[in-house]
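# Coordinate inspection notes
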Amino acid sequence: MFILLFSLNLLTPAAANQVGGIVQVYIADTDSWQSYQNNGTGILRHDDDTVGIQQALLHTNIDLASNVSLNAVAHYYPDGEQQVGFSQLSLQYKPLSPNKIKFKARGGFFYPRLSLENVDDGWLSPYTYTQSAINSWVGEEMRTLGLEFSIYSPGRARRSPWSWEMIGAAFKGNDPLGTLISWRGFAMHDRQSLNNDRVNFAPYPTVIDTDFIWHPDYVEPFHELDRRWGFYTGLHLSYFNQSSFRYYYYDNQADPLTVNSQRLYGWRTKFHSLSFQHKLNSNTRLISQLMTGSTVMGVKFVYVDFDAWYLMLSHQVSQHRISLRYDRFMVIEDDVFPTDMNNSDGYGLTLAWRYDLDDNWQLGIEQHFNKNTAQNRAQLDLPIDANQQQTLLVAQFRW
């Protein structure tokens, strides 16, 4: 994947290329709850005291023509099932226009732009290393494989303090969306699933039993199972450079009765997402997001409502940035199998300090706590309540 990116870079004029990368190396001090990454029930990425690579990515924006560009992000992860691959790969069409209302479009494999937290290169967060429960889930189980169209109007073109954008998209390839938050619940981490990735979870007996639900203890989130098109719509509003609002409605339109040869099911998942950012002054900002939705598999074999929100305060002084975020998340079931217990909930508190040594190097330390409950841990003879903590010391190099 990295060779492909460099090859594309060499095929175009140097002036038209924007290629960069981020490498993060970490030292972790964490609790011993076995991570979902290792088929456990813990909701953090790490489950032992280790040193390793947190992130390693290349991102590129290559101008193929005056109004067409290729955008790609490729990652290396030492953990997970797929170590190297794309998290995003798309073409963007953005013609120059003197009109007050403009048009743009993109197609490929990409994120809906519903997050105001993950705004750094490679869909990372510039604020914390452990991301919110909402965007941890988006990063691991959601991607658009399709087309997105936008009309937008910058405020300066109309001599108005307000800018706006209206978005509509149609996609395929995200039919298993909802598997993880239904059976595992929300997690908190920064690992993004890659194009052919597999995400593990604990082998709950009611899930893997061939005489019951009969599903593997993993999900491959980017499968197309039923040939149906999903869609989302969005609205962005911004007031000067001070306040921003983003609303999205998402519905993957999946057939919940569909199942493939791996016993992966279609999950009809839909949700509303509302994101908000307000700059209290030039150095301090508030960021928040609320998501509420539902997902169903089979004839209500599994049906859950899910809700999550976070509130983050971030303050920058010179080369220092300090961010504090509170998360709340819950999953409530209402299905036909009471023995397949899917209720879960929790909250998290994350405090991070990041210091820019220069344009390339950054040091950071983060302390994270969460308390979470998952009723299905009882199937594995584990306590349903977990108190988890993690300390990360991170060195980052960016070019």
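Residues numbered from 1 in each chain as written. Predicted model: local features only at pLDDT ≥ 70, side-chain atom pairs only at ≥ 80, totals over all residues. Heavy atoms only, no water.

### Quick word on the packing of aromatic side chains
All told, the structure shown has 28 aromatic pairs when counted by the stated rule. Both rings, one in Phe-103 and one in Phe-149, keep their centres 6.4 Å apart while their planes meet at 25°; by these two values the pair is stacked. Highlighted residues: Phe-103 in strand 5 (residues 102-110) and Phe-149 in strand 6 (residues 144-153), separated in sequence by 46 residues. For Phe-103, a relative accessible area of 34% translates into the label partly exposed. An angle of 10° between the planes, with centres 6.0 Å apart, marks the rings of Trp-353 and Tyr-355 as stacked. For Tyr-355, a relative accessible area of 23% puts it in the partly exposed group. Three or more aromatic residues joined by ring pairs form one cluster here, namely Trp-137, Phe-171, Phe-186, Tyr-232, Tyr-248, Tyr-250, Phe-271, Phe-306 and Phe-329. Note that Lys-104 overlies the ring of Tyr-152, its terminal NZ or CZ placed 5.0 Å from the centroid. (Phe/Tyr/Trp six-rings, centres within 6.5 Å; stacked < 30°, edge-to-face > 60°. Helix = DSSP H or I, 4+ residues; strand = E, 2+ residues; numbered from the N terminus. Buried < 20%, exposed > 50% of the residue type's maximum accessible area, 1.4 Å probe, protein only. Lys NZ or Arg CZ within 6 Å of the ring centre and 35° of its normal.)

### Brief notes about the layout of surface pockets
Here the largest pocket is characterised by a volume of approximately 1100 Å³. Along the walls of the largest pocket sit 40 residues, with Gln-92, Lys-104, Arg-106, Arg-113 and Arg-246 positioned nearest its centre. Broken down by secondary-structure element, the contributors of at least two residues to the lining of the largest pocket are strand 2 (51-63), strand 3 (68-76), strand 4 (84-93), strand 5, strand 6, strand 7 (162-172), strand 10 (230-239) and strand 11 (243-251). Ranked by the residues each element gives to the lining of the largest pocket, the list is headed by strand 6, at four residues. Within the lining of the largest pocket, the residues separate by chemical class into 14 nonpolar, 17 polar and nine charged. Within this model, the second largest pocket holds a volume of roughly 210 Å³. Lining the second largest pocket are 16 residues, and of these Arg-354, Asp-356, Gln-362, Gln-396 and Arg-398 sit closest to its centre. At the level of elements, strand 15 (320-333), strand 16 (344-356), strand 17 (361-374) and strand 18 (385-398) are the ones that each hand at least two residues to the lining of the second largest pocket. (1 Å grid on protein atoms, 1.4 Å probe; cavity = no way out; pocket = protein on both sides within 12 Å on 5 of 7 lines; lining within 4 Å. Points joined across faces, edges and corners; volume = space filled by probe spheres on them. Nonpolar A, V, L, I, M, F, W, Y, C, P; charged D, E, K, R; others polar.)

### Looking at the nonpolar core
Membership of the largest hydrophobic core comes to 48 residues, with the highest contact counts inside it found for Trp-137, Met-142, Trp-183, Phe-186, Tyr-232, Phe-271 and Phe-306. When residues of this core are traced back to their parent elements, those giving at least two are helix 2 (133-141), strand 7, helix 3 (179-183), strand 11, strand 13 (284-297), strand 14 (302-317) and strand 15. Of all the elements, strand 14 adds the most residues to this core, at six residues. Core analysis: the second largest hydrophobic core is formed by five residues, Tyr-26, Ala-28, Tyr-129 and Leu-392 among them. (Core = buried A, V, L, I, M, F, W, Y, C linked by side-chain atoms within 4.5 Å.)

### A few points about the confidence of the model for the protein chain
When pLDDT is averaged along the protein chain, the result is 94, and 96% of the positions lie at 70 or above. Note on residues 1-15: pLDDT is under 50 here. Beyond four places in sequence and across chains, it has 27 contacts. (pLDDT = per-residue confidence, 0-100. Contact = heavy atoms within 4.5 Å.)

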